[in-house]
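Residues per chain are reported as follows:
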Amino acid sequence: MQKKSLFRLLVFGLGCLPTVLLAQSTLTKEQQEVLAGLDSKSAHYGTLSKQIWDWAEVGYQEQKSSALLQEELTQAGFSVKAGVAGIPTAFVATFGSGKPVIGILAEYDALPGITQDATPDRKPLDTKKAGHACGHNLFGPGSVASAIAVKNWLQKSGKGGTIRLYGTPAEEGGSGKVYMVRDGLFSDVDVVLHWHPADRNGADPSTSLANITAKFRFRGIAAHAAASPDRGRSALDGVESMNYMINMMREHIPSDTRVHYVITKGGEAPNVVPDFAEVYYYVRHKNRTVLQDVWKRMVKAAEGAGMGTETKMEYEIIGGVYNLLPVETLAKQMHKNLSLVGGVIYTPEETKFAEKLGESFGTTFGSIRKPGEAAAVSPFSNNDLLSSASTDVGDVSWVVPTVGLSAATWVPGTAAHSWQAVASSGTSIGVKGMMVAAKSLSLTAIDLFKDPALIQKARTDWEKARGGAAFKYEALLGDRKPALDYRK
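Criteria and thresholds
- Just so you know, the residues in each chain are numbered from 1, in the order the chain's sequence is written.
- With the structure being a predicted model, the display of local features is reserved for residues of pLDDT at least 70 and the display and counting of side-chain atom pairs for 80 or more, all residues being used for whole-chain, interface and lining totals.
- Side-chain numbers here rest on the full set of heavy atoms in the structure, without hydrogens or water.
- By definition, any uninterrupted DSSP run of H or I lasting at least four residues is a helix, any uninterrupted run of E lasting at least two residues is a strand, and each is numbered from the N terminus.
- It is over C-alpha atoms that the radius of gyration is taken, and the globule rule equals 2.2 Å times the number of residues to the power 0.38.
- Between buried and exposed lies partly exposed: a residue is buried under 20% and exposed over 50% of the maximum accessible area for its type, with that area taken using a 1.4 Å probe on protein chains only.
- Only buried residues count toward a nonpolar core. Its members are Ala, Val, Leu, Ile, Met, Phe, Trp, Tyr and Cys residues joined through side-chain atoms within 4.5 Å.
- A contact between two residues is defined here by any heavy atoms of the two lying within 4.5 Å.
- For helices, the fitted line uses only the C-alpha atoms of the stretch in contact; every axis is such a line through C-alpha atoms, and the angle between N-to-C directions lies from 0 to 180 degrees.
- Working definition: roughly parallel below 35 degrees, roughly antiparallel above 145 degrees, roughly perpendicular at 65 to 115 degrees, and oblique for all remaining angles.
- By the definition used in this description, the sense in which the near helix is turned from the far one sets the handedness, with an anticlockwise turn below a right angle giving left-handed and a clockwise turn giving right-handed.
- A pairing counts as a salt bridge when a side-chain nitrogen of Lys or Arg comes within 4 Å of a carboxyl oxygen of Asp or Glu.

A.B. asks: I'm lost on the overall build of the chain in this one. Help?
C.D. replies: For the chain, the helix and strand inventory stands at 14 helices and 12 strands. Its C-alpha atoms give the chain a radius of gyration of 24 Å, within 12% of the compact-globule value 23 Å for 488 residues. C-alpha extents for the chain along the principal axes are approximately 80 × 55 × 40 Å. Here the chain holds 488 residues, and the buried ones make up 56% of them.

A.B. asks: Explain the nonpolar core here, please?
C.D. replies: Among soluble globular proteins, nonpolar side chains are generally buried collectively. Membership of the largest hydrophobic core comes to 138 residues, with the highest contact counts inside it found for Ile163, Phe186 and Leu193. Among the elements that take part in this core, helix α13 (residues 428-450) stands out by supplying 13 residues, more than any other. Those residues in contact with Phe186 that sit more than four places away from it in its chain are Leu105, Tyr166, Met180, Val181, Val192, Val396, Val399 and Val400.

A.B. asks: Looking at this structure, I do not really get the packing of helix α3 (residues 42-55) against helix α5 (residues 136-157). What am I missing?
C.D. replies: In helix packing, the relevant descriptors are the interaxial angle and the interaxial distance, both defined with respect to the helix axes. Between α3 and α5, whose axes approach to 8 Å, the crossing angle comes to 150°. Taken together, the axes of α3 and α5 lie roughly antiparallel to each other. For the pair α3 and α5, the sense of crossing is right-handed. Contact residues: Tyr45, Leu48, Ser49, Ile52 and Trp53 in α3; Asn137, Leu138, Pro141, Ala145 and Ile148 in α5.

A.B. asks: Honestly, the pattern of salt bridges in this entry has me stumped. Any pointers?
C.D. replies: The tally for this structure, following the rule as stated, stands at 25 salt bridges. In this structure, the salt-bridge partner of Lys50 is Asp54, at a minimum N-O distance of 3.1 Å. Remark: Asp54 and Lys50 occur in helix α3; sequence separation between them is four residues, near one turn of the helix. One salt bridge in this structure joins Lys356 and Asp121, with 3.7 Å as the shortest N-O distance. Taken as a pair, Lys356 in helix α10 (residues 348-358) and Asp121 in the loop between β4 (111-112) and β5 (130-131) lie far apart in primary sequence, 235 residues in all. Look at the salt bridges and you will find they share partners, linking Asp199, Arg200, Arg369 and Glu373 into a network.

So, in structure tokens, the structure goes:
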């Protein structure tokens, strides 16, 4: 075993000693001080994340979560502008002045319909209707921690420039960042940093799927389903006819397209012909042009369903996001700093939790991963990696060079949007992963402040990747106002 690896195990095996002791020979004194400052506040940021986990507020309803993060930044000396882009829970917090302007993204919305206690056994919470199954309770405080750490470094170093934290609500289907992009809130930013909870640590230049989401609403005529069915026109028939046509269409669209839906309204009683029904659709593809073509065909299917069932159809685009545009120059720098910080080392208690949680995964989808894998950082790869998920960070990445990382806030093997992810996100395992992200973001932001050439190289590569001057940003959701009620 290498000396560095042995040292890390000795330090982190106790699960409480500060990361600043890690690999002192590879960290500068300045970096050690930044990491030590974050370590000293780890418990505090953990408390913030647990509070947001408890609240579990869904998209555009994150009033308490947003206010908590705004208060934290205000107390740290940031100027905060709330309610930006027509969104009550969106905000921008700024410290410093002049160039460069480095932005950090923060999310804090929960997912509806999935609850779980912070235990390794399935234990839904009847007192809640949503849960942080994507770990955004960690995303928000982790990014805030980084922004404050960078602000402290700017003050101490005397460096010029601006650090800006973007409070971005409703990532889960609400496309909150798209409205912020559309309103020009990123127009003066040089580089944007972000991260996301995961079951592993990595910082590859991966892309994602572009996405359009919409609610299709059918209106018919109510009638007694037995006594006078001929008088009725079923809105549910409209929904089911559309679903049938979309499912047949899957055979005749590119095989890497993703289409999924839920019927959000199907009627109130079987003996009443439903006069209103609604289905909520997502469609995704890595290529926006392909995505838009498939979307147009879906609308035709909906129109045909309305005609065939003699119901009236209307639809509302809820969200639409671009695919992520990776910048390898920035990804390499982020990976370098993530490797310096290292992964998550479990205590014996955390290992026991992880092993128990792992029993719920089964072996259906491959070999069981071991808790110790959370300590590793995935090797850097630039082989056109594609995430099958979608994110509104994609839109940000097309208007400003953007880089992110994943941190092991979940037990290895955990699927996103699962009860296991909710459980991990509410524990010390989640907090440790959150602090790995905060440290990696901080070191990368400081590198950018200190090295203008790095920013210029990144912007040159980014301009080339997006097509140069010929590219013009147009939001996939058009000019609609924020869908503030999409979770109601």
